[in-house]
Amino acid sequence: AMTGRMLEKIESILIKEKPELVLVYGDTDSTLAGSLAASKLEIPLAHVEAGLRSKNFSMPEEKNRILTDALSQLLFCPSSIAIENLKRENITQGVCEVGDVMFDAINLYGKKIQKDSSRKDLVSRDFVLCTIHRKDNTTDLKRLDSILNALKDIANQITVILPLHPRTKAIVEQNDEICFPDKIEIIDPLSYLEFLELQKNAKCIFTDSGGLQKEAFFNKVPCITLRDETEWTETVDLGWNTIVGADTKKILKAWEDIESKERVIGTFPYGKGDAANKIVNKIKDFLN
């Protein structure tokens, strides 16, 4: 219903504005709605972050990205692996490897982090940062409980900071059998710059977010991913990301190995921070 409502409203805007091209990002429901609207009206479509695949078809994001790529005339890929994913689906026309726009953002906003932090009590590398929001980990109470059990042990060793997503908060409030361990520091969601500061200074990041896996890699902070798979396989191959699912033992083992794990530095699988310029130039060429 939500996607349908978005499709209807986006279509009316496109009819009014008559754009030469529609640009969509990522893999959200709004991405799919924008893609369908453009396609129905025969307006060229460009997709930023094309070619990502988790191979998990239970994820709404996987369906959204596959459909969007199939409808796009310009496909802006963040890495060579994304290019290969599209080739396997016989998508080769309009495909460009441009790098990742999130790397552009990190390079820009990393320089703008507030120096007068509100968290002066935190010493760099003396805490870990955690986010939990994905549907698999919040609606499945066994998975959520398993993650929290691991975090309880880790919180006995180091400060665990958890900016609480509204979905996760609602699930916990509705289910008495799920509770946050006392030693985990629960805080409200942060602004991007505040959150980026915590990322850059964390000893490790625990997350089920796709974007945060990349940001951890860009900031050279080890990441432990609370999912069963990842689209960002380069971060795993280079040693900066460990996939553990919601298994308490696997989470704790990955944490135990955090110091000894080998990690590759000096490689740029997602470009060198000039993705936006490349995208703009490709769009100009396409429209001309």
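This write-up is about the structure you can find in this document. For clarity, every value in this text was computed on a predicted model and none was experimentally measured. (Residues numbered from 1 in each chain as written. Predicted model: local features only at pLDDT ≥ 70, side-chain atom pairs only at ≥ 80, totals over all residues. Heavy atoms only, no water.)

### Side note on the sheet that holds strand 3 (residues 74-77)
Short version of the rule: A strand pair is defined by DSSP finding two or more bridges across the two strands. Counting from the N terminus, the helices are the DSSP runs of H or I reaching at least four residues and the strands are the DSSP runs of E reaching at least two. Working convention: axes come from line fits to C-alpha atoms, limited for helices to the stretch in contact. Angles between N-to-C directions cover 0 to 180 degrees. It only takes one pair of heavy atoms within 4.5 Å for two residues to be counted as in contact.
Strand order in this open sheet of four strands is 1-2-3-4, and the pairing throughout is parallel. Each edge of the sheet is formed by a strand with only one pairing partner; in this case those strands are strand 1 (22-25) and strand 4 (95-97). Pairwise comparison of adjacent strand axes, ignoring direction, gives a mean angle of 20° for this sheet. Relative to strand 4, strand 3 runs parallel, the two being bridged by three bridges. Residue pairing for strand 4: Cys77 is matched across the bridge by Glu97. Against the sheet, helix 2 (residues 29-40) contacts strand 1 and strand 2 (45-48), and its axis sits at roughly 160° relative to strand 1. Across the sheet, helix 4 (residues 80-88) is in contact with strand 3 and strand 4; its angle to strand 4 comes to roughly 160°.

### As for helix 12 (residues 248-256)
Residues that lie three or four places apart on an α-helix share one face, since the helix turns once every 3.6 residues. Threshold: Residue burial is assigned from relative accessible area. The probe radius is 1.4 Å, only protein chains are included, and a residue is buried under 20% of its type maximum, exposed over 50%, and partly exposed in between. Directions drawn from the helix axis to the C-beta atoms are what define this arc. Counted as a polar contact is a pair of N or O atoms within 3.5 Å, where, for protein atoms, one must be capable of donating a hydrogen and the other of accepting one, and residues adjacent in sequence contribute only when both atoms are in side chains.
Those residues of helix 12 that fall on the buried side of the exposure criterion are Ile251, Ala254 and Trp255. Looking straight down helix 12, one finds that the buried residues subtend no more than 100° of arc, so they occupy a single side. In helix 12, the exposed positions that point more than 90 degrees away from the buried face belong to Lys249, Lys250 and Glu256. In this fold, the buried residues of helix 12 make contact with strand 5 (127-131), helix 7 (141-155), strand 8 (204-207), strand 9 (223-225) and strand 10 (241-243). Two or three places before Lys249, at the opening of helix 12, Asp247 has a side-chain oxygen 2.9 Å from that residue's backbone nitrogen.

Everything listed is a geometric property; what it means functionally is a separate question.
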